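Spelled out, the chains give:
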Amino acid sequence: MNNCNLICIIQARLTSSRLPNKVLKKINNKNSLQIIHEKLKKIKEIDEIVFAIPNNKMNMPLKKFLLKNNYKVFCGSEKNVLSRYYKTAQYYNAENILRITADCPLIDYKIIRKLIKNFFELNYDFGSNTIIRTFPDGYDAEIFKFNTLKKTFIKSTKSYDKEHVTSYMKSEKSFKKYILKNKIDYSFLRLTLDTKKDYEFIKFLFEKFKKIEDIYLADIINFYKKNPKIFSNYIFKFNNDIDEANKGIQLYKKAKNIIPGGTMLLTKKPEMFLPNKWPAYFSKAKGINVWDMENKKYLDFSYMGVGTNILGYGNEEVDEAVQNTVNAGNLSTLNCPEEVYLADKIIKLHPWSQMVKFARTGGEANAIAIRIARSFSDKQNIAVCGYHGWHDWYLALNLKNKNNLDSFLIKNLSIKGVPNNLKETIFSFQYNDFDQLNYLIKNKNIGIIKMEVTRNLSPNDNFLKKIRRVCDKNKIVLIFDECTSGFRKNLGGIHKLYDVNPDLCMFSKAIGNGYAISAIVGKKNIMNYANKTFISSTFWTERIGPTAALKTLQVMEREKSWKTICRQGKKIKSGWSKIFHKYGLDVSISGIDSLPIFNFKSENHNLFKTFITNEMLRHNILATNTCYMSIKHDDKYIEEYLYYFDAVISQLSNYVYDKKKYDLNFDKRNLSHSGLQRFN
């Protein structure tokens, strides 16, 4: 290990939003920079220690302090930290680089020496103790060859990679990686310098030991074991660890006081993902990237606008078409011609249909379809299978039994306000259970069957064709709800692939790529009954929705979007399968390929799901147990997602197999809801 030409580059700045000037704040007469420098000088393998700082006026006091203390300094870009590292290493002709951040005054040089030793002895490209976290936050160290840094600098195109230096290294498969793990997982301990509370706590810890440069991790752990209550505020209890400075979290607190339920959509409630930690609100979205109110960027591997953006957020062609419509005028006394063009297009995609009526939401489309079907049919009762919105006709399922909607929606869903006299008008049946449906037809005067074509299961034993035949025989209106499934496996309704045509069908979500539009498509003899009842709304005539849908369908057809999202969804499913098998976890993976979903076969499913969301959020990835795929989920993003997912499941498996040693540090009273195991 002699002559290894190892440069330690310490990343430092004064412009932290949470605790400005934190690296210069005194801790027992020394600041974090001095403490770290003294510890690193004990490592004989390090040839140079250099502070890489931003080259701007705000960091001039930092530069002056470092030069005054005869520390080596290199100034570079503030936001492109990768460039700063690369140019520092290039200037000092480094062959190998040790990366340390200035907010880790408790670092243990013995741990760093072990990382260095194994990195060189086994000739790795990149080594880290953060890929799979087992050390406390605040003990981070990474080492890499200059050639690894150079390739990362050249290949990195995402701003996230440029800001976080080693994220590309972690996801790039060609690099040979060394992962340093602690024997016992203490990743739940938070010992980094980030907030005022952190600063006070770290000062307190240093006061407990005589020589601040000789505090080892073992000392901290022993102190923690004897005084666990002292550490209670510095343990990652992710449902209680509220970031009081986060604008989104604060805004949601306000929203809950002035908006019933806090949000307009149940699926978007932060409690459905990660109580008290989920970003809640966005400032902008593009591709599969979402920026929160503090301009922090995330990869969206969760709901992608709750399934509304197959072409990715902010598709240029769709947005341009909408902007042109806005410039020309969105709403007037006259009707927009786009609704006629769109109706004609949808009918051509579904030759069994002859008429279309438009609304703006999936719930509206479902309610309109029921009104039309009931106008047509002599029998008013409905048999349903699947999720169909919030209206009274559907929620009446829970009037007889509050658990009737459990498998379709949220468990124990309250249906206050739904008229009790609807109790005997609607009945449910389970997917692929034709005998159950047949019983309802014979005994409940069913006039309408309303169902999702496929959910997490595919039809077996000619299930859909049997339903079509029984509807024809009994003069029952068959309605397919494809508000979610449509355009995800083919261009149009997924029912086309099963060669079973409904009488009415609804589409929403995907057809406007983020703009509000829904369609009720049907046979003319039934659709004409819309004229014999009252179905009308001013904003169903606005122009943006049809304009967006026309352009979205055009782009989908050209790009064959359904093929892309199915192909990429298969990669997600395959990745999940390999990772869960690797760690011996019993998990079911289902859903159509473009909408994969997994469920733990455990009473702790909700606990595990929320843990995954928490840990993936640390890597700036929005994730749950469902992925809505878009054409922007390319291979590089999927590799990055699966890379971190593997690390998170590794941590989870430690808990599953040895609960005595490992703790998820989880307040089970604040679990995220488990009801969204369905198409939303």
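These figures come from a predicted structure and were not determined experimentally.

Definitions and limits used
- Residues numbered from 1 in each chain as written.
- Predicted model: local features only at pLDDT ≥ 70, side-chain atom pairs only at ≥ 80, totals over all residues.
- Heavy atoms only, no water.
- Helix = DSSP H or I, 4+ residues; strand = E, 2+ residues; numbered from the N terminus.
- Rg over C-alpha atoms; globule rule 2.2 N^0.38 Å.
- Buried < 20%, exposed > 50% of the residue type's maximum accessible area, 1.4 Å probe, protein only.
- Contact = heavy atoms within 4.5 Å.
- Areas by Shrake-Rupley, 256 points an atom, 1.4 Å probe, with all protein chains shown as cover.
- Lys, Arg positive; Asp, Glu negative; His and termini not counted.
- Salt bridge = Lys/Arg side-chain N within 4 Å of Asp/Glu carboxyl O.
- Polar contact = N/O pair within 3.5 Å; in protein donor to acceptor, adjacent residues only side chain to side chain.
- Phe/Tyr/Trp six-rings, centres within 6.5 Å; stacked < 30°, edge-to-face > 60°.
- Lys NZ or Arg CZ within 6 Å of the ring centre and 35° of its normal.
- Pairing = 2+ DSSP bridges.
- Axes fitted to C-alpha atoms, helices over the stretch in contact; angles between N-to-C directions.
- pLDDT = per-residue confidence, 0-100.
- Parallel < 35°, antiparallel > 145°, perpendicular 65-115°, else oblique.
- Nonpolar A, V, L, I, M, F, W, Y, C, P; charged D, E, K, R; others polar.
- Left-handed = near helix turned anticlockwise from the far one by under 90°.
- Core = buried A, V, L, I, M, F, W, Y, C linked by side-chain atoms within 4.5 Å.

1. Examining the overall build of the protein
When you go through the protein residue by residue, the secondary structure sums to 23 helices and 22 strands. Over its C-alpha trace the protein gives a radius of gyration of 29 Å, about what one expects of a compact globule, namely 26 Å for 680 residues. Taken over the C-alpha atoms alone, the protein extends approximately 90 × 55 × 50 Å along its principal axes. A burial count over the protein gives 58% of its 680 residues as buried. Of the contacts made within the protein by residues no fewer than 6 positions apart, 72% connect residues no fewer than 24 positions apart. Surface summary for the protein: the accessible area is close to 29700 Å², and the carbon and sulfur share equals 48%.

2. Things to note about the side chain of Lys509
Positionally, Lys509 belongs in the loop between strand S18 (504-507) and strand S19 (518-522). Although Lys509 is buried, it makes no salt bridge; Asp481 carries the closest opposite charge, 9.0 Å away. For Lys509, the side chain forms a polar contact with the main-chain oxygen of Val306, separated by 3.2 Å.

3. Considering the packing of aromatic side chains
Applying the stated criterion across every chain yields a total of 34 aromatic pairs. Arranged with centres 5.3 Å apart and planes meeting at 80°, the rings of Tyr224 and Phe231 form a pair that is edge-to-face. There is no split in this pair, since Tyr224 and Phe231 are both buried. Considering the side-chain rings of Tyr431 and Phe463, the 5.1 Å spacing of their centres and the 65° angle between planes classify their relative orientation as edge-to-face. With Tyr431 in the loop between strand S15 (426-428) and helix H17 (434-443) and Phe463 in helix H18 (residues 463-474), this residue pair connects regions lying 32 residues apart in the sequence. Across the pair, Phe463 and Tyr431 agree in class, each one buried. Members of the aromatic cluster, each reached through a chain of ring pairs, are Phe301, Trp576, Phe580, Phe598, Phe600, Phe608, Tyr641 and Phe645. Its end group placed over the ring of Tyr199, Lys25 keeps NZ or CZ at 5.9 Å from the ring centre.

4. Examining the sheet that holds strand S16 (residues 446-452)
What the 7 strands build is an open sheet, ordered S13-S19-S18-S17-S16-S14-S15; its pairing is mixed. Across the chains shown, the open sheet's two edge strands, defined by having one partner strand only, are strand S13 (355-359) and S15. Neighbour-to-neighbour, the strand axes of this sheet turn through a mean angle of 20°, independent of strand direction. Sheet topology note: the S13/S19 ladder contains 5 bridges and is antiparallel. Across the sheet, the residue bridging to Phe358 is Ala519, located in S19. Lying over the sheet, helix H13 (residues 338-349) contacts S13 and S19, oriented at roughly 125° with respect to S13.

5. Section: the pattern of salt bridges
Considering all chains together, one arrives at 30 salt bridges under this definition. Between Glu557 and Lys345 there is a salt bridge, with the nearest N and O atoms lying 2.8 Å from each other. Of this pair, Glu557 sits in helix H20 (residues 544-559) while Lys345 sits in helix H13, and the two are 212 residues apart along the sequence. The class of Glu557 is partly exposed, set by a relative accessible area of 35%. Relative accessible area serves as the criterion here: at 24%, Lys345 is assigned to the partly exposed category. Two residues, Lys466 and Asp461, come together in a salt bridge whose shortest N-O distance is 2.9 Å. Among the charged side chains, a network of salt bridges with common partners joins Lys22, Asp103, Arg190, Asp194 and Asp198.

6. So, the confidence of the model for the protein
Of the residues in the protein, 93% reach a pLDDT of 70 or more, and the chain-wide mean stands at 90. Per-residue pLDDT stays below 50 along residues 237-242; that stretch engages in 24 contacts with residues further than four places along the chain or on separate chains. Taken together, the stretch residues 674-680 has pLDDT below 50 and engages in 37 contacts with residues farther than four places along the chain or on a different chain.

7. Let's talk about the packing of H20 against helix H21 (residues 561-582)
Contact geometry for H20 and H21: axes closest at 6 Å, N-to-C directions at 65°. Here H20 lies roughly perpendicular to H21, going by the angle between them. Two secondary-structure elements touch here, H20 through Met556, Glu557 and Glu559 and H21 through Ser561, Trp562 and Thr564. Here the contact of H20 with H21 is composed, by residue class, of 2 nonpolar, 2 polar and 2 charged.

8. Things to note about the packing of helix H12 (residues 316-328) against H20
Where H12 contacts H20, the two axes come as close as 9 Å, and the packing angle between them is 155°. Classified by the angle their axes make, H12 and H20 are roughly antiparallel. Crossing of H12 over H20 shows right-handed handedness. Together, Glu317, Val318, Ala321, Val322, Thr325 and Val326 of H12 and Ile544, Thr547, Ala548, Lys551, Thr552, Val555 and Arg558 of H20 make up the contact between the two elements. Along the lines of polarity and charge, the residues of the contact of H12 with H20 split into 7 nonpolar, 3 polar and 3 charged.

9. What about the side chain of Asn620?
By the secondary structure assignment, Asn620 is in the loop between helix H22 (605-618) and strand S22 (621-623). Residues in contact with Asn620, not counting those within four places in the same chain, are Tyr160, His164, Lys296, Lys297, Tyr298 and Leu299.

10. Regarding the sheet that holds strand S10 (residues 282-286)
Spatially, S10-S11-S12-S22 is the arrangement adopted by the 4 strands of the open sheet, whose pairing is mixed. Looking at which strands have only one partner, the edges of the open sheet turn out to be S10 and S22. Between one strand axis and the next, the sheet turns by 30° as a mean value, whatever way the strands run. In this sheet, strand S11 (residues 289-292) lies alongside S10 in antiparallel orientation, the contact comprising 4 bridges. For Lys284, the partnering residue across the bridge sits in S11 and is Trp291.

11. Some remarks on the nonpolar core
With 121 residues, the main nonpolar core has Phe301, Ile449, Met451, Tyr641 and Phe645 as its most contacted residues. The element best represented in this core is helix H23 (residues 635-657), accounting for 12 residues. Residues Cys8, Leu19, Val23 and Tyr178 belong to the second largest nonpolar core, which totals 60 residues.

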